[in-house]
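Chain and residue survey
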Amino acid sequence: QVRLIESGGGSVQPGGSLRLSCRASGILLKFYAVGWFRQAPGKDREGILSISSNGEISNSADSVKGRFTISRDNAKNTVYLQMNNMKPEDTGVYYCASPRSVVRADYLPPFVPLTPWNEWGQGTRVAVSS
């Protein structure tokens, strides 16, 4: 059974930091691309950061450049999202996803369309407020 499990969400003040984890079961993340998406209240889901299996290719949303970083720890079968200098606009539910139909080191689909991203976690909530 393939599962992606997000953790690390919570409440933080503006300017603070959080680190989210995406841990996989039933799949070795080192063979697949992984992306982080978020959905703000009343908004559509948007891609924010993604990384290829080999770590050589990445995509990022302009809204998080210079603040968020994606990384892998293959020994722990986990992908992280480090979020620094957080803003109220970062509030939302954060999801990790993987296009697990393709096993290729340099493969990384764009954030849209969402179709290739066919394995999703259940999400973890992040709230940024004073």
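This text follows the structure it describes.
The notes below deal with the structure included here. (Residues numbered from 1 in each chain as written. Predicted model: local features only at pLDDT ≥ 70, side-chain atom pairs only at ≥ 80, totals over all residues. Heavy atoms only, no water.)

The helix and strand tally for the protein stands at zero helices and eleven strands. The helix and strand sequence of the protein, counted from the amino end, reads β-β-β-β-β-β-β-β-β-β-β. The C-alpha atoms of the protein give a radius of gyration of 14 Å, which matches the 14 Å a tight globule of 130 residues would have. Each principal axis of the C-alpha atoms in the protein carries an extent, and together these give about 45 × 25 × 25 Å. Counting every position in the protein, which comprises 130 residues, the buried fraction comes to 43%. (Helix = DSSP H or I, 4+ residues; strand = E, 2+ residues; numbered from the N terminus. Rg over C-alpha atoms; globule rule 2.2 N^0.38 Å. Buried < 20%, exposed > 50% of the residue type's maximum accessible area, 1.4 Å probe, protein only.)

Here strand β4 (residues 34-39) lies mainly inside the structure; five of its six residues are buried. As defined by bridge partners, β4 adjoins strand β5 (residues 46-51) across five bridges and the pair is classed as antiparallel. Within β5, the residue paired with Arg38 across the bridge is Glu46. For β4 and strand β9 (residues 92-98), the ladder comprises five bridges, and the chain directions are antiparallel. Within β9, the position partnered with Gln39 by the bridge is Val93. (Pairing = 2+ DSSP bridges.)

Turning to its location among the elements, Glu6 is positioned in strand β1 (residues 3-7). Buried charge Glu6 goes without a salt bridge, the closest partner of opposite sign being Arg45 at 7.7 Å. There is a polar contact of 3.0 Å between the side chain of Glu6 and the backbone nitrogen of Gln122. Each residue touching Glu6, except ones within four places of it in the same chain, is listed here: Ser21, Trp36, Tyr94, Tyr95, Cys96, Gly121, Gln122, Gly123 and Thr124. (Lys, Arg positive; Asp, Glu negative; His and termini not counted. Salt bridge = Lys/Arg side-chain N within 4 Å of Asp/Glu carboxyl O. Polar contact = N/O pair within 3.5 Å; in protein donor to acceptor, adjacent residues only side chain to side chain. Contact = heavy atoms within 4.5 Å.)

Structurally, Ser50 can be placed in strand β5. Ignoring anything within four residues of it in the chain, the contact list for Ser50 reads Val34, Gly35, Ile57, Ser58, Asn59, Ile70, Leu108, Phe111 and Trp117.

Val112 connects to Pro113 through a cis peptide bond whose omega is 0 degrees. Mapped onto the fold, Pro113 is located in the loop between β9 and β10 (119-120). In this structure, Asn77 is a non-glycine residue whose phi angle is positive, near 55 degrees. Inspection of the secondary structure assignment puts Asn77 in the loop between β7 (68-73) and β8 (78-83). Given a relative accessible area of 15%, Asn77 falls into the buried group. If you check the backbone angles, Asn85 has positive phi at about 50 degrees while not being a glycine. Along the polypeptide, Asn85 turns up in the loop between β8 and β9.

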